Amino acid sequence: MPRYITIDDVRSRLPSNIAEITMSSEPNISQVNGWIDEVEAEVDGILSTRYQTPITATQSLRIVKSICADIVAARVWRMKAAGINDEVQLRYADTLEKGARDRLNQLANGTMSLPDQPESIDSSTPSANLPFEPIIKMDEKQW
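The structure reproduced in this document is the subject of the present report. (Residues numbered from 1 in each chain as written. Predicted model: local features only at pLDDT ≥ 70, side-chain atom pairs only at ≥ 80, totals over all residues. Heavy atoms only, no water.)

Considering the nonpolar core
Nonpolar side chains in soluble globular proteins tend to end up buried together.
Okay, step 1: If you look at the biggest cluster of nonpolar residues, it comprises 32 residues, and the most contacted ones within it are Val-10, Leu-14 and Leu-47.
Okay, step 2: At 10 residues, helix α3 (residues 58-84) tops the list of elements feeding residues into this core.
Okay, step 3: The residues contacting Leu-14, other than those within four sequence positions of it, are Ala-19, Ile-21, Ala-73, Val-76 and Trp-77. (Core = buried A, V, L, I, M, F, W, Y, C linked by side-chain atoms within 4.5 Å. Buried < 20%, exposed > 50% of the residue type's maximum accessible area, 1.4 Å probe, protein only. Helix = DSSP H or I, 4+ residues; strand = E, 2+ residues; numbered from the N terminus. Contact = heavy atoms within 4.5 Å.)

Quick look at the structure:
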């Protein structure tokens, strides 16, 4: 089940002449929902190296929604453009996806950040609470 975007978010990224996504359109609602699930899983997988996922913080969620919607919209656009064999439309789809993937890569490599999302805990750093009392006491017989 989609966490970040809906079909309406995808439609909003498309020109009105190709934004129709119905049960009988090509691609249809089921296909687009499948793509949404795939893209959201991929984005979570990439972002999980730096951030706690799923993304829930308000500002960060806007960024992730934009990335996911652009990637899925590019897939829809590409499929619709392939049906009419229009190279210009295919380039628009490629540009849309490239911009989204560039932002995703910037988030992954740290040149861009999610402003209000907690970072993931590094498994190499201990996260347990240490005792407040020293283990070895000076001037006392220890054992």
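Notes on the packing of aromatic side chains
Okay, step 1: All chains considered together, the criterion is met by 1 aromatic pair.
Okay, step 2: Against the face of Tyr-4 rests Arg-3, its NZ or CZ located 6.0 Å from the ring centre. (Phe/Tyr/Trp six-rings, centres within 6.5 Å; stacked < 30°, edge-to-face > 60°. Lys NZ or Arg CZ within 6 Å of the ring centre and 35° of its normal.)

Notes on the pattern of salt bridges
Okay, step 1: Under the defined criterion, the tally for this structure stands at 11 salt bridges.
Okay, step 2: Close ionic contact of Arg-3 with Asp-44 constitutes a salt bridge, the shortest N to O distance being 2.7 Å. One end of the pair, Arg-3, is in the segment before α1 (7-11); the other, Asp-44, is in helix α2 (residues 29-47), with 41 residues separating them in the sequence.
Okay, step 3: Asp-44 gets classed as buried once you look at its relative accessible area, which sits at 7%.
Okay, step 4: The salt bridge involving Glu-97 is made with Arg-101; its shortest N-O contact spans 2.9 Å. Note that Glu-97 and Arg-101 are positioned in helix α4 (residues 87-109) at a spacing of 4 residues, about one turn of the helix.
Okay, step 5: We classify Glu-97 as buried; its relative accessible area is 13%.
Okay, step 6: For Arg-101, a relative accessible area of 23% puts it in the partly exposed group. (Salt bridge = Lys/Arg side-chain N within 4 Å of Asp/Glu carboxyl O.)

Topic: the environment of Asn-33
Okay, step 1: Tracing the sequence through the fold places Asn-33 in helix α2.
Okay, step 2: Asn-33 gets classed as partly exposed once you look at its relative accessible area, which sits at 29%.
Okay, step 3: Considered as a pair, Asn-33 and Ile-7 are 26 residues apart in the sequence and their alpha carbons are 7.2 Å apart.

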